[in-house]
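Observations on chain architecture
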Amino acid sequence: MVGYHRKLLRVNLTNRRIEVQDLDEAMIRKYVGGVGIEAKILYEETDAETHPLSPNNILMAMTGPFTGTGVPTSGRHHLVARSPLTGLFGESNVGGSWAVHCKRAGLDGVLVVGKSESPIYLWVHDGKAEIRDAKPIWGRDAFESAEWLKKETLKEATAAVIGPAGERMAGIATIPHIGHIVRAAARTGLGAVMGSKNLKAMVVYGNDSIPIAKPDSLKASIKNVTPHILGVTEAFGKYGTSGGIENYEKIGNFPIRNWRDGRWAGAKKISGITMHDTILSGRKACLNCPIACGRHIKVTEGPYAPMDCEGPEYETIGTLGGLCLVDDLVAIAKANNLCNRYGLDTISAGGIIAFAMEAYEKGIITRKDTDGIELVWGNADAVVKMVHKMGKGEGIGKLMAEGSKKMAEALGKNAIEFAIHVKGLEPSAHDPRRFFSQALSYATAARGACHNASWSHPYELALSMPEIGIPEPQDPYQIEGKAEFTAKMQDLMCVMDALILCRFSQVGKAVTVTNHVDWLNLITDWGIDIPGYMLAGERIFNLKRMYNVRLGISRKDDFLPPRFLTLLRTGEDLTNQLPPLGRLLSDYYAYRGWGEDGMPTPEKLKELELDRL
Ligand code: SF4
């Protein structure tokens, strides 16, 4: 079989058993790779009784058929486990270099189960793995730990390494990936799963070749499309993911003051353009990516100097900045760097701090609770201090690091009314009152309020994908057809997370579904067509839903926070509308072939060949 090694490294940390499993060819063909294979394994090898932090939970890091092949923006992998934050299907997609090293080490992925008696790390290379002692770095931050790990293994290796937040199993703990670039598997608390297993890091290095069906044709196709990619993503690469902040603020997509306000002059001060003109010192790219949207910054003076590190991305600026009304870009960069060191999700961290600021404003928490920190809107230093508290699990920071849902439940009073989350996950920095597809996708995505589950808002602005029945940009507020459009985009994102391909490959129509399918066939020789490709995405989406249904999820859980359904924002030239969620959900379930209760029907599962799982 080409495109894969068909090898999954399985590590049981309880009995320290390491084995390489041969993956079944038909199974790979059906689930493609990445999240598809992970969803199948998680569904089959865990059950509703598997506690997220128990030894029985399994953590997987999978590559896909595109990994290591040179396909543009394919230097990524996908991690899956039952989420400690939501209690549901947990997943996170991350770029960098870990994936390519894993595949070049002769493996399609790594699965870890069990729990080590003491802190260890996994050293994966040349198709094999060793369990090594991590006691010397237990308690140290992710950057210091990565430095030590590279000295112990290989300086060219990449470390997926948790910080103190993951070690103490905080709900919003991430898995920072540190190689030539810093990227984090940030969402759904997967760092806590590593912490629960006493697994400090998974360090990988590989340099083997990857089997490809038609390598010369693939190379020619990539060479052909690369100038186009570079052309249409020029501004995106130059200004990074936050280059569009001013426009997003203007049109009502940017989140402001815990999702309450419509317009905010401060947005300009924290945009990617401002970063470019002030603290940016260079661009960085995940492996096999010509776009290079990663930021590197340098700060030599001021209260947060010195900084010579990765810069914040759009979502981070939107949440630690806009949601908290902080217009100090350097402070946001500092908070971002601290989140990476402690191993905290910047999106959740910003959402939780904004929630805490509103609780402070309403007198539900006081200065006594914050240990004297004046937690008021726009207080940049308070945001930095709160990140420290969450990272260390200190004072109120311990509760905050468990997520806004749990924090609201603990605070009581009316806190639950302004804790902004779906299924326990804080939303990314895209307002569902501006894009109804995001409203629907936030409500129905397996992991909660996640823009990446559909990545549909650009298609409600400017993009189209005629090959899958999206011939033109969609009206963001039109109800008719919204369910079908959203479901198609969710299916597409699922199969892209199986390949694995970056969302930003869609910027400016840089890469199309036709490219995906062409490259998949050149790599695997499958002869798959676009309907077959989209069917794989639909299968994966439904499988994730089945996993959550087994945990009790149904229509009652496909909600949006009341603020998104009742508060219309105002501001000059601002357009936004309240999403009619009930109607959207009914349309959506009908299109998906689910019952009105939000459950996939037996007929649908049979059609997707999921009925025998
Ligand atoms: S576009 Fe950015 S995030 Fe995506 S693969 Fe390239 S560098 Fe990584």
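What you are looking at is a predicted structure, and each value in this text was computed from that prediction instead of being measured.

**A short note on unusual backbone geometry**
Between Ala305 and the following residue, Pro306, the backbone shows a cis peptide bond with an omega angle of -5°. Of note, Pro306 is situated in the loop between strand 14 (294-299) and strand 15 (307-310). For the peptide bond that leads from Leu499 to Ile500, omega is 10°, which places it in the cis range. Relative to the helices and strands, Ile500 is located in the loop between helix 18 (482-499) and helix 19 (513-524). One non-glycine residue, Lys413, lies in positive phi territory at about 50°. Locating Lys413 in the fold gives a position in the loop between helix 16 (404-411) and helix 17 (436-444).

**A few points about the site of the ligand**
The environment of the ligand is formed by Arg76, Arg183, Ala285, Cys286, Cys289, Ile291, Cys293, Cys502 and Phe504. Here the residues of the shell around the ligand are counted per class, giving seven nonpolar, no polar and two charged.

**Thoughts on the pairing of strand 9 (residues 158-161)**
Side chains Thr158 and Ala160 of strand 9 all project onto a buried face; the interleaved residues Ala159 and Val161 project onto the opposite face, where all are buried too. As defined by bridge partners, strand 9 adjoins strand 12 (residues 199-205) across four bridges and the pair is classed as antiparallel. Paired with Val161 across the bridge in strand 12 is Ala201. Note: strand 9 against strand 10 (residues 175-178), two bridges, orientation antiparallel.

**So, the sheet that holds strand 1 (residues 7-12)**
A sheet is described by the order of its strands in space; here six strands give the open sequence 2-1-6-3-4-5, paired in mixed fashion. Of all the strands in the sheet, just strand 2 (17-22) and strand 5 (89-95) have a single pairing partner and so form its edges. This sheet shows a mean twist of 15° between the axes of neighbouring strands, independent of strand direction. Sheet topology places strand 4 (residues 76-82) next to strand 5; seven bridges connect them, and they run antiparallel. Considered in strand 5, the bridge of Val80 is made with Glu91. The sheet strands contacting helix 2 (residues 34-45) are strand 1, strand 3 (59-62), strand 4, strand 5 and strand 6 (109-113), and the helix crosses strand 4 at an angle near 15°.

**Quick look at the environment of His451**
Structurally, the position occupied by His451 is in the loop between helix 17 and helix 18. Of the residues examined, His451 reaches a relative accessible area of 8% and is grouped as buried. Setting aside anything within four residues of it in sequence, one finds His451 in contact with Glu315, Ser428, His430, Gln438, Tyr442 and His457. A polar contact is formed between the side chain of His451 and the side chain of Glu315, at a distance of 3.0 Å.

**Describing the side chain of Thr486**
Relative to the assigned elements, Thr486 resides in helix 18. For Thr486, a relative accessible area of 0% corresponds to the buried category. Ignoring anything within four residues of it in the chain, the contact list for Thr486 reads Ser437, Leu440, Ser441 and Ser454.

**Regarding the domain arrangement of the protein**
Splitting the protein by domain gives domain 1 (7-205), domain 2 (241-417) and domain 3 (436-607). One C-alpha centre belongs to domain 2, the other to domain 3; they are set 27 Å apart. Tallying the contact residues gives 19 residues for domain 2 and 15 residues for domain 3. Carbon and sulfur atoms supply 57% of the area buried between domain 2 and domain 3, which totals about 1,400 Å² over both sides.

**What about helix 11 (residues 314-321)?**
The buried fraction of helix 11 amounts to eight of the eight residues, a majority that puts the element mostly inside the structure. Among the residues making up helix 11, those that are buried are Tyr314, Glu315, Thr316, Ile317, Gly318, Thr319, Leu320 and Gly321. Its buried side turned inward, helix 11 meets helix 9 (245-251), helix 10 (272-277), helix 12 (329-342), helix 13 (346-361) and helix 14 (380-392).

**A closer look at the environment of Trp264**
By the secondary structure assignment, Trp264 is in the loop between helix 9 and helix 10. In sequence terms Trp264 and Thr86 are 178 residues apart; their C-alpha atoms lie 31 Å from each other.

**Things to note about the layout of surface pockets**
Looking at the second largest pocket, its volume works out to about 190 Å³. Every residue lining the second largest pocket is counted, 16 residues in all, and those nearest its centre are Leu85, Thr86, Lys405, Lys423 and Gly424. Taken together, the residues of the lining of the second largest pocket break down into five nonpolar, six polar and five charged.

**Regarding helix 17**
Burial runs high along helix 17: nine of the nine residues are buried. Contacts from the buried residues of helix 17 go to helix 18, helix 20 (530-550) and helix 22 (581-592).

**Regarding the pairing of strand 14**
The element strand 14 is largely enclosed, with a buried count of five among its six residues. Alignment of strand 13 (residues 280-284) against strand 14, held across four bridges, turns out to be antiparallel. Across the sheet, Arg283 pairs through a bridge with Arg295, a residue of strand 14. When strand 14 meets strand 15, the two strands line up antiparallel, connected through four bridges. Bridged to Lys298 within strand 15 is Asp308.

The rules we used
Residues numbered from 1 in each chain as written. Predicted model: local features only at pLDDT ≥ 70, side-chain atom pairs only at ≥ 80, totals over all residues. Heavy atoms only, no water. Helix = DSSP H or I, 4+ residues; strand = E, 2+ residues; numbered from the N terminus. Near = heavy atom within 4 Å. Nonpolar A, V, L, I, M, F, W, Y, C, P; charged D, E, K, R; others polar. Buried < 20%, exposed > 50% of the residue type's maximum accessible area, 1.4 Å probe, protein only. Pairing = 2+ DSSP bridges. Axes fitted to C-alpha atoms, helices over the stretch in contact; angles between N-to-C directions. Contact = heavy atoms within 4.5 Å. Polar contact = N/O pair within 3.5 Å; in protein donor to acceptor, adjacent residues only side chain to side chain. Domains from an automatic or database assignment. Buried area = accessible area lost by both parts, 1.4 Å probe. 1 Å grid on protein atoms, 1.4 Å probe; cavity = no way out; pocket = protein on both sides within 12 Å on 5 of 7 lines; lining within 4 Å. Points joined across faces, edges and corners; volume = space filled by probe spheres on them.

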